[in-house]
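Structural overview for review
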Amino acid sequence: MPDTEWPRYEVFKQDRPNRPHEAVGTVHAPDPEMALLNARDVFVRRPACHSLWVAPQDQVLTMTALEMELNPAWAEETVPEDAPVRTFHVFTRQHQRRTMVAATHVGQIQARTHREALRKALEQGEFTDRPVYLWMIVPADAITGSREEDVESLFRPAEEKHYRDQSYYSGRVFDKKALKRREREVA
Amino acid sequence: MTGQLDAQLQQALADRLLALADDEVILGHRDAEWTGHAPILEEDIAIANLAQDEIGHALIWYQLREDLTGRDPDETVYFRDASAYRNVQMVELPKGDWAFTMLRQYLFDVYERLLLDRLVASTHAPLAEAAAKIRREEIYHYRHTSTWVERLALGTEESHRRMQDGLDRLWPFAAQLFVAGPGDGALAAAGIFPDLSELQQAWEATVRPFLEQAELTIPQAEPLTVGRERHTHWLPILLGEMQVVARVETPETAW
Amino acid sequence: MSAFPRTPNTRPLPNVGLPTDPDYEQRLAEFEARIEAGEKIEPGDWMPYEYWRQLVRMISQHAHSEVVGMLPEGAWITRAPSLRRKLILLAKVQDEAGHGQYLYHAVETLGVDRGTLIHQLLEGKAKYSSVFNYPTLTWADVAMIGWLVDGAAIKNQTMLAHCSYGPYSRAMVRICAEETFHYKQGKEAITLYAQGTPRQRRWAQDALDRWWWPALMMFGPHDKDSPNTPALMRWKIKTKSNDTLRQEFVNEIIPELMAVGLEIPDPDLRYDEETGNWLIGPIDWAEFWQVIRGNGLMNQARMAARRQAHEEGQWVREAVEAYARRHQARQAPEKIAA
């Protein structure tokens, strides 16, 4: 049997309620549930996280503005008349700053295909108030997400792992008793 | 807090906390052995999480015990010989393969989760508070390890065989989790710590149908019912490694 | 997904330009203008083959280094002398796995899959940082690696966070945010040991003696011996040269090591008043190349450990995938048309 590293899932992380989900990277996983758990272990070793989405990488359309410009044929496709209309989540990158996220959730669009969703996004202009360098189009039905009730067990425990945070190391040196007092304070 | 307990209950609670902490620190050690050697990169990260959680829980239990006895957690871990440890034998067995590791973790996680469900209602407030904190992580552990057990048991012929081998080996050992120590009756009567035979029933009611639905056969083996003072030869080997650095200096030395 | 083509002039991705392409010169000029303007190059954007090749080479080596880098310190998790140190070390080695994960992701955006890269590593065909081919002989080595080796790594990674390739830059920003903890915990521990018991002091100095030169070698050969540097700097994959980074590092760390009472194992070391630089003695590049070529103390053991984990994990990876195939078959959503 050929060896495998498992398929890839795009991971979208929401730091706090009322903040948009952001594309943070990918994990390898055999199925969506394990992708969600792996995403938690890979991307939420430190706070903060309120919600995680994972979606199979081969069901996410990623395209850059330059790619579309050099290859105008990207938009051409034959959409079957009876193809059902689905919800697509739209993520964009609209700046050139140094950050740790590739793209940010800006809204949703109803369409029959990924490319139709992207065409509509460009035509409507709703998301292009500033130049868009990178687009990610994610069908809602391809997403597996954490639930509100998962926050306590999946994300809150990272808040207590103080030793993973650089601010925990004060630069001072403690003898055993002083360290013990400090540990209790931190806890 | 501790003033509410009479000397006898205090001793019983200290003993039980030692058992809880020793289970976690030894299991955490076995999980930690996988770091850098897991089946895939994502699992290196996941198993290191489990190990950190278990060792973190051990620290919480040792600290509660320290409040009762004044015994320093590190000294308790690093300067005690195998005969003074009170962990169950199940956690000291060598790490085995990934099937054995996930199954052991699953059997332990179900026990721990059901225990914590009860401990959050303990009449001893510090215990109830600690349990509430630990329980959040255990809900995740349970989700993680039950996900793994189901997939490996129903995966390929090889993975199924390895899971069945693991279960045949582990099942008799799991019963020792529910062996009561001398003080446990008094703790249960005072509502400090749950009754272990009721806990065992709840545990079996959870794990049996789950394992059977995963097409594993529960072995008909004699359960291990010896007390926690009895160990296999694997424990001194494990401690020899764990304590080797700490013991080059005195317990007072800061690291 | 494509493997890693070794032959030049094989187009690995549609957006990778070859010098033989009719529009190559024009695209290259646009590409270099974008980089000059500080824009990030994103997956899917046009890029010259050499830019693609250098990125795959560099990022995959970096990813392999993180993964192999779990081993020297990971060996001491079970022996950590306090519960606190055990938690810290577990978290640190866990981060290294995480950093390898982020970096493999960055290479994957260039169309090279992780299975191919890991296969190359296990077959001995891929490079990784030579520093991880040295053994960890005492507990203080773990702390010294944190302070010295991670300190050196942070210099490099902070520079790479400015990289022109978006995914590599983003991985570096994420890694730098986490890596500072690695450095600080090591510094805390060495500072304690350097003032601790006679044995702790001996261990701390011994660890510095053995890790000092390997840490300095991490920045790579001198600029004059580094053929890749001009291209890497022109395209802002790197923004500082090996020697520049090495000098910045020694200037920062030497006073700190001396302040805790440790002696730098370099008889030629001197401070240059005029430039404010610490000038180090000659680096033993013969040793460096020996280790790179596979003759370091631990090369074979490191690869054996990685191979064993991979081989023993194969049935696991297959089993859960077999389970997934059976259980997902009923409701597989359609894939994007290519």
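Calculation notes
- Residues numbered from 1 in each chain as written.
- Chains lettered and ligands numbered in written order.
- Predicted model: local features only at pLDDT ≥ 70, side-chain atom pairs only at ≥ 80, totals over all residues.
- Heavy atoms only, no water.
- Pairing = 2+ DSSP bridges.
- Helix = DSSP H or I, 4+ residues; strand = E, 2+ residues; numbered from the N terminus.
- Contact = heavy atoms within 4.5 Å.
- Axes fitted to C-alpha atoms, helices over the stretch in contact; angles between N-to-C directions.
- Buried area = accessible area lost by both parts, 1.4 Å probe.
- Salt bridge = Lys/Arg side-chain N within 4 Å of Asp/Glu carboxyl O.
- Polar contact = N/O pair within 3.5 Å; in protein donor to acceptor, adjacent residues only side chain to side chain.
- Nonpolar A, V, L, I, M, F, W, Y, C, P; charged D, E, K, R; others polar.

Observations concerning the sheet that holds strand E2 (residues 22–28) of chain A
With antiparallel pairing, the eight strands of this open sheet are ordered in space as E4-E7-E5-E6-E2-E1-E3-E8 (chain A). A strand with exactly one partner marks an edge of an open sheet, and here the two such strands are strand E4 (61–64) and strand E8 (144–145) of chain A. Sheet topology note: the E2 of chain A/strand E6 (residues 103–111) of chain A ladder contains two bridges and is antiparallel. Considered in E6 of chain A, the bridge of Ala23 of chain A is made with Ala103 of chain A. Where helix H4 (residues 83–108) of chain C meets the sheet, its contacts fall on strand E1 (8–14) and E2 of chain A, and the angle it forms with E2 of chain A comes to roughly 100 degrees.

Side note on the interface of chain A and chain B
On the chain B side, the residues contacting the 31 residues of chain A number 28 residues. Buried surface at the junction of chain A and chain B, summed over both partners, amounts to about 2700 Å²; 48% is from carbon and sulfur atoms. When the buried surface of chain A facing chain B is broken down by residue, Asp41, Lys176 and Arg184 of chain A rank first, second and third, together holding 23% of it. Where Glu160 of chain A meets Arg136 of chain B, a salt bridge forms, and the shortest distance between an N and an O atom there is 2.9 Å. Seen at the junction of chain A and chain B, the total is 17 residue pairs in polar contact (both at pLDDT 80 or more). Secondary structure elements with two or more residues in the side of chain A that touches chain B: E2, helix H1 (32–43), helix H4 (151–155) and helix H5 (176–186) of chain A. If one sorts the elements of the side of chain A that touches chain B by residue count, H1 of chain A sits on top with eight residues. By residue class, the composition of the side of chain A that touches chain B is 11 nonpolar, three polar and 17 charged.

Some remarks on the interface of chain C and chain A
Opposite the 56 residues of chain C that make contact, chain A presents 53 residues. Regarding the contact of chain C and chain A, the summed buried area is about 5100 Å², with carbon and sulfur atoms giving 55% of it. Across the chain C-chain A interface, the total number found is eight salt bridges. As a salt-bridge pair, Arg46 of chain A and Asp95 of chain C come within 2.6 Å of each other at their nearest N and O atoms. Summed over the shared surface of chain C and chain A, the number is 21 residue pairs in polar contact (both at pLDDT 80 or more). Listing elements by their share of the side of chain C that touches chain A, those giving two or more residues are helix H1 (24–36), H4, helix H5 (114–122), helix H7 (166–194) and helix H12 (299–328) of chain C. Sort the elements by how many residues they give to the side of chain C that touches chain A and H7 of chain C lands first, with 13 residues. The residue makeup of the side of chain C that touches chain A, split by class, is 20 nonpolar, 16 polar and 20 charged.

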